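A look at the structure
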Amino acid sequence: MNFLSVIWDKILLFFLGIGDSFYLNFIKDNRWEYIVKGLGVTLEVTFFAVIVGILLGFIVAIIRSTHDKTGKLKFLNFICNLYLTVIRGTPVVVQLLIIYFVIFGSVRIDKVVVAVIAFGINSGAYVAEIVRSGIMSIDKGQFEAGRSLGFNYIQTMVYVILPQALKNVLPALGNEFIVLLKETSVAGYIALQDLTKAGDIIRSETYSPLMPLLAVAVIYLSVVMLLSFLIKKLERRLRNSEH
Amino acid sequence: MNTNENKSTEALIQVRGLKKHFKELNALNGIDIDIHQGDVVFVVGPSGSGKSTFLRCLNLLEEPTEGTILFEGTDITDSKTNINIHRQKMGMVFQQFNLFPHMTILKNLTIGPMKLQKKSFEEAKAEAMRLLERVGLADRANAYPNQLSGGQKQRIAIVRALCMKPDVMLFDEPTSALDPEMVGEVLSVMRDLAEEKMTMVVVTHEMAFAKEVASRVIFMDGGVILEEAAPEEFFENPKTERLQSFLAKVL
Ligand SMILES: Nc1ncnc2c1ncn2[C@@H]1O[C@H](COP(=O)(O)OP(=O)(O)OP(=O)(O)O)[C@@H](O)[C@H]1O
Ligand SMILES: [Mg+2]
């Protein structure tokens, strides 16, 4: 029972020292500012990376599904496949490091921008496959109906196929963005002070890991739960519009 | 829509030597036909004889392997022709309706005229409501397709094509996916169209309807037109043995 009593002591100490610990980790030297700024950076990187990811993902998805449907765009399709294979076959941290140290190695550039580019390019690959599966899931009669009215390929995509495809893949897309938010936690590898890095900085200054890391975890969890809630709501709104 | 006198001498659609091959399979083996303004051409034949393929070649949903299709004097099989312009003049009605499920009925009907013919919403809506009125569905303008019965969906699909003011309407088994009690309401809309001298090409298994409405009936078999005649002649006096045995089976 020695092990259990050690844990019990820790819990007891934690609750006894909770006020002190809170003061040390967040109030003293205005350490809470690390957390607030870090959260800001995390949200900023995620937000813009989502936009880059959506843009890239849609372009790649449209190229790939056009190729699947018509056999055209062979070269572009090849490039897209290469992109998907490389991005999905390597860890995001390695991609981030390569983009920071190799591609932008000799230029002075804001680390936030580097992170947005790296995570955006990474996310684009996953968004692309999600959107493509959505496009391919739409009955080909929808496409033919659009074309037979006189819409060209792009117009048919925009007015007929994509709105339906998007609705079908909204849960998967929402999930991808939640994954992305969490993945930006490796931004500390390029010394970008995001939320995770903020907790880690406090830990290294105060030598008390529990409080700052717990706070970071709770904040991630809250943001994820908020996002899930918003996505569910959006889904329900879209579903109601169709019956 | 009135018959255009100076155009009636030249065929609205002229098909010459039309072939369509899917890999090894030859779906169409040389089709020649003239379809004139006001013609109501019914296409019948056994399953797999190439009826749908022929119809879909007319608006290039299938790309012909060989041959030419002149539509209003333009060779639409020419790769320089902008097919999107000509498709606006060829309405198509599918077996599976293919309404856009994410749009209301009104949006289904107005999106083509608004985006392609630069009509204002008011203009497009007025025309859509006029046509909805005629098929008895004006009260469903704000419904979504999934809220309608099969027969209602198909009537809407016909109206959607009509909203583009087409010069010809192509129908591919428009009643085959319907419950029997809904077939009549769709046929009645088609009958009205035929009476107004809309040019129509109709693939169907409804022989009685063909007999009643067609100006010409075509029998396809093995990717060619085996026989063609006015409806009485076609059904009362079939010439080829293939058609005789086909009619014996379906009538
Ligand atoms: N996209 C395609 N790829 C390969 N083969 C096809 C394709 N479309 C049609 N075919 C083949 O071409 C032939 C003619 O088909 P088509 O659909 O035109 O026949 P149909 O007369 O309309 O038959 P049904 O009465 O069953 O609708 C059939 O053997 C069919 O299997
Ligand atoms: Mg068919």
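Coordinates for the structure precede this section.
Residues numbered from 1 in each chain as written. Chains lettered and ligands numbered in written order. Predicted model: local features only at pLDDT ≥ 70, side-chain atom pairs only at ≥ 80, totals over all residues. Heavy atoms only, no water.

1. Let's talk about the overall build of chain A
For chain A, the count of helices and strands is ten helices and zero strands. Reading chain A from its N terminus to its C terminus gives the helix and strand order α-α-α-α-α-α-α-α-α-α. Taken against the 2.2 N^0.38 rule, which gives 18 Å for 243 residues, the C-alpha radius of gyration of chain A at 23 Å runs more than 25% over that of a compact globule. Along the first, second and third principal axes, the C-alpha set of chain A runs to 75 × 50 × 35 Å. Among the 243 residues that make up chain A, the fraction classed as buried is 43%. Of the contacts made within chain A by residues no fewer than 6 positions apart, 75% connect residues no fewer than 24 positions apart. Element-wise, carbon and sulfur atoms account for 70% of the exposed surface of chain A, whose accessible area totals about 13400 Å². (Helix = DSSP H or I, 4+ residues; strand = E, 2+ residues; numbered from the N terminus. Rg over C-alpha atoms; globule rule 2.2 N^0.38 Å. Buried < 20%, exposed > 50% of the residue type's maximum accessible area, 1.4 Å probe, protein only. Contact = heavy atoms within 4.5 Å. Areas by Shrake-Rupley, 256 points an atom, 1.4 Å probe, with all protein chains shown as cover.)

2. Quick notes on the environment of Ser47(B)
All names here are of chain B. Residue placement: Ser47 occurs in the loop between β3 (40–44) and α1 (51–58). Taking relative accessible area as the criterion, Ser47 reaches 75% and is therefore assigned exposed. The spacing of Ser47 and Arg130 is 83 residues in sequence and 37 Å in space, taken between C-alpha atoms.

3. Quick look at the nonpolar core
Ranked by internal contacts, the top residues of the largest apolar core, which has 74 residues, are Phe119(A), Ile13(B), Val15(B), Phe54(B) and Val201(B). Aside from chain neighbours lying at most four places away, what touches Val201(B) is Ile35(B), Val41(B), Val43(B), Phe54(B), Leu55(B), Leu58(B), Val168(B), Met169(B), Leu170(B) and Phe171(B). In this structure, Met169(B), Met182(B), Leu187(B) and Ala210(B) belong to the second largest nonpolar core, which totals 52 residues. (Core = buried A, V, L, I, M, F, W, Y, C linked by side-chain atoms within 4.5 Å.)

4. Digging into the interface of chain A and chain B
The partner chain B presents 24 residues to the 20 residues of chain A that form the contact. Of the roughly 2000 Å² buried where chain A meets chain B, counting both sides, 59% is carbon and sulfur surface. The partner of Arg56(B) in a salt bridge is Glu144(A), with the nearest N and O atoms 2.7 Å apart. Across the chain A-chain B interface, the total number found is six residue pairs in polar contact (both at pLDDT 80 or more). (Buried area = accessible area lost by both parts, 1.4 Å probe. Salt bridge = Lys/Arg side-chain N within 4 Å of Asp/Glu carboxyl O. Polar contact = N/O pair within 3.5 Å; in protein donor to acceptor, adjacent residues only side chain to side chain.)

5. Some remarks on the site of ligand 1
Residues and elements named next belong to chain B. Not every one of the 13 residues close to ligand 1 is listed here, only the nearest: Ser47, Gly48, Lys51, Ser52 and Thr53. Separating an oxygen atom of ligand 1 from a backbone N or O atom of Gly48 is a distance of 2.8 Å. Ser49 has a polar backbone atom sitting 3.2 Å from an oxygen atom of ligand 1. Relative to its unbound accessible area of 630 Å², ligand 1 is 60% covered by the protein chains. (Near = heavy atom within 4 Å.)

6. Looking at the packing of aromatic side chains
In the structure shown here, the tally under the stated rule is seven aromatic pairs over all chains. Ring plane angle 85° and centroid distance 5.1 Å describe the contact between Phe47(A) and Phe48(A), whose orientation is recorded as edge-to-face. Judged by its relative accessible area of 39%, Phe48(A) falls in the partly exposed class. Lys69(A) extends its terminal NZ or CZ atom over the ring of Phe143(A), reaching a point 4.9 Å from the ring centre. One residue, Arg160(B), lies across the ring of Phe100(B), its end atom 4.4 Å from the ring centre. (Phe/Tyr/Trp six-rings, centres within 6.5 Å; stacked < 30°, edge-to-face > 60°. Lys NZ or Arg CZ within 6 Å of the ring centre and 35° of its normal.)

7. Some thoughts on a nonpolar patch on the surface
Residue and element names in this part refer to chain A. A cluster of nonpolar side chains, contributed by Phe3, Ile7, Trp8, Ile11, Leu12, Phe15, Leu16 and Ile18, occupies part of the molecular surface with about 850 Å² of accessible area. With seven residues, helix α1 (residues 2–16) is the largest single contributor of residues to the nonpolar patch. Inspection of the secondary structure puts Phe3 in helix α1. (Patch = residues over 30% accessible without salt bridge, like charges linked within 9 Å, V, L, I, M, F, W, Y side chains within 5 Å.)

8. Thoughts on helix α3 (residues 32–70) of chain A
Under the 1.5 Å per step criterion, the end-to-end length of α3(A) is 56 Å for 39 residues, consistent within 8% with the ideal 57 Å. Gly71(A) lies just past α3(A) and shows a positive phi near 80°. (Expected span 1.5 Å × (residues − 1).)

9. Let's talk about the sheet that holds strand β4 (residues 66–71) of chain B
All names here are of chain B. An order of β2-β1-β4-β5 is seen for the four strands of this open sheet, with the pairing classed as antiparallel. Edge strands, defined here as strands with exactly one partner in the open sheet, are β2 (25–35) and β5 (74–75). In terms of strand pairing, strand β1 (residues 13–22) meets β2 through eight bridges, oriented antiparallel. The residue of β2 that forms the bridge with Phe22 is Leu25. Of the strands in this sheet, β1, β2 and β4 touch α1, which is tilted by about 120° from β1. (Pairing = 2+ DSSP bridges. Axes fitted to C-alpha atoms, helices over the stretch in contact; angles between N-to-C directions.)

10. Side note on a positive patch on the surface
The grouping of Lys232(A), Lys233(A), Arg236(A), Arg237(A) and Arg239(A) at the surface amounts to a positive patch. Among the secondary structure elements, Lys232(A) is positioned in helix α10 (residues 210–240). (Lys, Arg positive; Asp, Glu negative; His and termini not counted. Charge placed at Lys NZ, Arg CZ, Asp CG, Glu CD.)

11. Thoughts on the packing of helix α8 (residues 153–183) of chain A against α10(A)
Residue and element names in this part refer to chain A. Two elements in contact, α8 and α10, have axes separated by 10 Å at closest approach and are oriented at 170°. With respect to each other, α8 and α10 are oriented roughly antiparallel. Across from Lys167, Leu170, Pro171, Gly174, Ile178, Leu181 and Lys182 in α8, the residues of α10 making contact are Tyr220, Val223, Val224, Leu227, Ser228, Ile231, Leu234, Glu235 and Leu238. Here the contact of α8 with α10 is composed, by residue class, of eleven nonpolar, two polar and three charged. (Parallel < 35°, antiparallel > 145°, perpendicular 65-115°, else oblique. Nonpolar A, V, L, I, M, F, W, Y, C, P; charged D, E, K, R; others polar.)

12. Considerations on the pattern of salt bridges
The full count for this structure, using the stated rule, is 20 salt bridges over all chains. Taking the shortest distance from any N to any O, the salt bridge between Glu129(A) and Arg64(A) comes out at 3.5 Å. A residue pair is termed long-range when its members are at least 10 positions apart, and Glu129(A) in helix α6 (residues 111–137) and Arg64(A) in helix α3 qualify at 65 residues. When sorted by exposure, Glu129(A) lands in the same class as Arg64(A), which is buried. Put simply, Asp221(B) and Arg242(B) hold a salt bridge, and the shortest N to O gap is 2.5 Å. Of this pair, Asp221(B) sits in strand β9 (residues 216–221) while Arg242(B) sits in helix α9 (residues 241–250); the two residues are 21 residues apart in sequence, bridging distant segments of the chain. Judged by its relative accessible area of 46%, Arg242(B) falls in the partly exposed class. A single salt-bridge network, built from bridges that share partners, covers Arg64(A), Asp68(A), Glu129(A) and Arg132(A).

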